[in-house]
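# A look at the structure
Here is how the chains run, residue by residue.
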Amino acid sequence: TLTNRYINNSNIALHLTMSKPKNQHVIPQCYLRQFVDPNTPVCYEPYVWIFERGNKRGKKKAPKNILVETDFYTLKIKSGEKDYTIEKTLSQLESEYASVFEKKIRDKIPLNNYEHIVRCAFVAVMLQRTLKQKENIESVFEQVIEHVGAMEKAHGATPKTSLEWRQKKENAHRLSVIQMTPEITKILMKMNLAFLCTNKRDSFITSDAPCFLFNSRLQWQRFYGPGFMQKYVEVRMPLSPEISICFSWVNNLRGYLKVSSDLIHEFN
């Protein structure tokens, strides 16, 4: 069941096909397709508009051509072989999420328990699969490697432990996507979930890190970042230009709710 696959079992055990999907999306196509320009000419492939930070001039690109990396989720095994299990596992979750969005969320229909699990698992993965998260994890490993290496050098020891940590770093982000998904999914399932819906004048926008934690009580200081167990934390992610989700502990917001232009502007 999906519950066992994404919540109770953190082992990687799903092999869907024998193909080797080397070109892998950091942010999945099923998500990006919701943001294609509705005014795309009939003779063109649907595209999204991309704006670099600080640049008001946009570029048009098809979802299949953006946020793609070679072997981003491919595990590198000691024998030199490549394991595509994570990419195939994510592909199945993406397919199930896309079905839930098309059949229920787009038309603002309440989700059943199974669909809610799919929704939470997809958000849990989206929190972790970004390039920024990869950089954060690898930065921590680099600090450990540096300290361990310094200790080995100071004691005249063979650099064995630091080498082991460097080898672990290679797959650290890939494995964390799978290992952390069950725990984050459990947390999200306990939180209040609201689908925030726009009026016809305004739209939600997205980015290469579409899912994020936000705590309004911490936004003006730099000492502490938002965390799941903080009372006022929210987990936000736009699902389309018309709908964004918000998980929270305090605000008893549930279901599909229309929001003001000011709130849409704040989210964006």
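Procedures and definitions
- Residues numbered from 1 in each chain as written.
- Predicted model: local features only at pLDDT ≥ 70, side-chain atom pairs only at ≥ 80, totals over all residues.
- Heavy atoms only, no water.
- Helix = DSSP H or I, 4+ residues; strand = E, 2+ residues; numbered from the N terminus.
- Rg over C-alpha atoms; globule rule 2.2 N^0.38 Å.
- Buried < 20%, exposed > 50% of the residue type's maximum accessible area, 1.4 Å probe, protein only.
- Pairing = 2+ DSSP bridges.
- Axes fitted to C-alpha atoms, helices over the stretch in contact; angles between N-to-C directions.
- Salt bridge = Lys/Arg side-chain N within 4 Å of Asp/Glu carboxyl O.
- Core = buried A, V, L, I, M, F, W, Y, C linked by side-chain atoms within 4.5 Å.
- pLDDT = per-residue confidence, 0-100.
- Contact = heavy atoms within 4.5 Å.
- Phe/Tyr/Trp six-rings, centres within 6.5 Å; stacked < 30°, edge-to-face > 60°.
- Lys NZ or Arg CZ within 6 Å of the ring centre and 35° of its normal.

For the rest of this paragraph, the subject is the overall build of the protein chain. Assigned secondary structure in the protein chain consists of seven helices and 11 strands. Since a compact globule built from 268 residues should have a radius of gyration of about 18 Å, the 20 Å found for the protein chain is in line with a globular shape. The principal-axis extent of the C-alpha atoms belonging to the protein chain is close to 70 × 45 × 45 Å. Among the 268 residues that make up the protein chain, the fraction classed as buried is 41%.

Two strands in a sheet stick together by hydrogen bonds in their backbones, pointing the same way (parallel) or opposite ways (antiparallel). An order of β8-β9-β10-β7-β11 is seen for the five strands of this open sheet, with the pairing classed as mixed. The open sheet has two edge strands with one neighbour each: β8 (212-215) and β11 (255-258). Strand-to-strand, the axes of this sheet are offset by a mean angle of 30°, without reference to chain direction. Two elements, strand β7 (residues 192-197) and β11, share four bridges in a ladder whose sense is parallel. The residue of β11 that forms the bridge with Leu 196 is Leu 257.

With that out of the way, let us pick up the pairing of strand β9 (residues 233-238). Across the six residues that make up β9, a large majority, six, are buried. Of the two faces of β9, the one carrying Val 233, Val 235 and Met 237 and the one carrying Glu 234, Arg 236 and Pro 238 are both buried. The pairing of β8 with β9 spans four bridges and is classified as antiparallel. Counterpart to Phe 214 in the pairing with β9 is Glu 234. In this structure, β9 lies alongside strand β10 (residues 243-248), joined through five bridges in antiparallel fashion. In the strand pairing of β10, Met 237 is matched with Ile 245.

Take the pattern of salt bridges next. Side-chain pairs of opposite charge can arise where the charged atoms are in close proximity. Enumeration according to the criterion identifies 13 salt bridges in this entry. Here Glu 102 and Arg 106 are joined by a salt bridge, their closest N and O atoms 2.9 Å apart. Among the ionic pairs, Lys 186 bridges to Glu 183, the shortest N-O distance being 3.6 Å. Residue Lys 186 and its partner Glu 183 are both found in helix α6 (residues 160-190); the two are separated by three residues, about one turn of the helix. Overall, Glu 183 belongs to the partly exposed group, its relative accessible area being 42%. Ionic contacts of the salt-bridge type, sharing partners, join the residues Glu 142, Arg 166 and Lys 169 into one network.

The subject of this paragraph is the nonpolar core. Counting residues in hydrophobic clusters, the biggest one holds 44 residues, and the most contacted among them are Leu 188, Val 235, Met 237, Leu 239 and Phe 247. Going through the elements one at a time, α2 (29-32), α3 (85-105), α4 (113-128), α6, β7, β9 and β10 are the ones with two or more residues in this core. Among the elements that take part in this core, α4 stands out by supplying nine residues, more than any other. Core analysis: the next-biggest nonpolar cluster, separate from the first, contains seven residues, Ala 194, Cys 246, Ile 264 and Phe 267 among them.

All right, on to the confidence of the model for the protein chain then. Averaged over the protein chain, the pLDDT score is 87; the fraction of residues at 70 or greater is 92%. Low pLDDT, under 50, characterises residues 9-18; the stretch is placed with 20 contacts to residues that sit more than four places away or in other chains.

This part is about the environment of Lys 59. Turning to its location among the elements, Lys 59 is positioned in strand β3 (residues 59-61). We classify Lys 59 as partly exposed; its relative accessible area is 41%. Sequence separation between Lys 59 and Tyr 47 is 12 residues; the distance between their C-alpha atoms is 9.4 Å.

Another point: the packing of aromatic side chains. One pair of aromatic rings is described through two measures. These are the centre distance and the angle between the planes. Counting across every chain of the model gives eight aromatic pairs. Taking 4.6 Å as the distance between ring centres and 20° as the angle between the ring planes, the aromatic pair formed by Phe 195 and Tyr 256 counts as stacked. In this pair, Phe 195 sits in strand β7 while Tyr 256 sits in strand β11, placing the two residues 61 residues apart along the sequence. The class of Tyr 256 is partly exposed, set by a relative accessible area of 21%. Put simply, the rings of Tyr 97, Phe 101 and Phe 122 pair up and form one aromatic cluster. Over the face of the ring belonging to Tyr 47 we find Lys 60, whose NZ or CZ atom lies 5.2 Å from the ring centre. Cation over ring: Lys 168 sits above Trp 165, and NZ or CZ is 5.0 Å from the ring centre.

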